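# Structure assessment
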Amino acid sequence: MRRNLIAGNWKMNKTAAEGVALARELKDKLSGQCCCCNGPQVLVCPPFTTAAAVAAELKDSCILVGAQNIHWADNGAFTGELSGAMLKDLPVGWVIIGHSERRQYFGETDETVNKRTKAALKHGLHPIVCIGELLAEREANQTNAVLEKQVRGALAGFTVAEMATVVVAYEPVWAIGTGKVASNEQAQEAHAFIRSLLVTLFGTDVAGATRILYGGSMNAQNAAGLLAQPDIDGGLIGGAALKAADFATIVAAAK
Ligand code: PEP
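This text gives an overview of the structure that appears in the document. (Residues numbered from 1 in each chain as written. Predicted model: local features only at pLDDT ≥ 70, side-chain atom pairs only at ≥ 80, totals over all residues. Heavy atoms only, no water.)

### Here's the deal with the nonpolar core
Short version of the rule: What is meant by a nonpolar core is a set of buried Ala, Val, Leu, Ile, Met, Phe, Trp, Tyr and Cys residues, joined one to another through side-chain atoms within 4.5 Å. Partly exposed describes any residue whose relative accessible area lies between the buried limit of under 20% and the exposed limit of over 50%, with all areas from a 1.4 Å probe on protein chains only and scaled to the type maximum. Every helix listed is a DSSP run of H or I at least four residues long, and every strand listed is a run of E at least two residues long, numbered separately from the N terminus. Here, two residues are considered to be in contact whenever any of their heavy atoms come within 4.5 Å of each other.
If you look at the biggest cluster of nonpolar residues, it comprises 65 residues, and the most contacted ones within it are Val-44, Leu-155, Tyr-214 and Phe-247. Here this core takes seven residues from helix H8 (residues 184-202), the largest share from any one element. Setting aside chain neighbours within four positions, we find Val-44 in contact with Gly-8, Trp-10, Leu-26, Val-54, Leu-58, Ile-63, Leu-64, Val-65, Gly-66 and Phe-247.

### Focus on the pattern of salt bridges
Here is the rule we go by: Basic side-chain nitrogens of Lys or Arg form a salt bridge, by our definition, when they fall within 4 Å of a carboxyl oxygen of Asp or Glu.
Considering all chains together, one arrives at 15 salt bridges under this definition. Of the charged contacts in the structure, one is a salt bridge between Glu-101 and Lys-11, with a shortest N-O distance of 2.8 Å. Placement of Glu-101 in helix H4 (residues 100-106) and of Lys-11 in the loop between strand S1 (5-9) and helix H1 (16-30) is noted, with a sequence separation of 90 residues between them. In this structure, Arg-116 and Glu-81 form a salt bridge, with 3.0 Å as the shortest nitrogen-oxygen distance. One end of the pair, Arg-116, is in helix H5 (residues 110-122); the other, Glu-81, is in the loop between strand S3 (63-67) and helix H3 (84-89), with 35 residues separating them in the sequence. Each of Arg-2, Arg-195, Asp-231 and Asp-233 takes part in salt bridges that share partners, so that together they form one network.

Below is the structure:
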């Protein structure tokens, strides 16, 4: 039985003070929902500069805190990057890796996603590895080929034991921040395909236990339908994660 994970990607939004206010509102709205016991796990991923203040605000709550990127090296001449040890300092326990905006604007490749994911595991962080096809790729019937390349590339060299902490997020690029959500059927089909790849690569136990999140314009209205799909184990949420009421509704839909 896979426990749902509802993760908010705040992207480049919220100063520390704004982030604390959002975290406080969220904590209040979720206080009756017991996300630390039998409800879904709840995670927020603020910008690096906001994460420490948010982590302090959420210290005694069951809401987890993550980052949006990690470098593969432990230290060195990598201007603008943060290492796993630095993320642990914030402190955060989770990290989003290979988001399509990183791939699109910052040259992230399957190879760098693989290196960053390895670094996350080395530092005891839970990686959320993002994959997903472009609209042109879907229209050219290349969705499965793209997903296979990304899964094989991102997870190359991982052991069955390492896979225990890896979460995969299927995020069709055409659905991110566009308001154009994948239909329940499109999303389920892609998730089932990703799970079948995990069977091939790591066996049925790993594939059965690995959580695969859906991301792409998930909101308070469409979450229940998506989360009801058998291979969808939660959501990675951008825009709707910036509104406490909407995010709390998505968490409630994941119960
Ligand atoms: C995301 O950034 O991962 C995302 C899914 O964004 P949105 O929910 O805004 O489409």
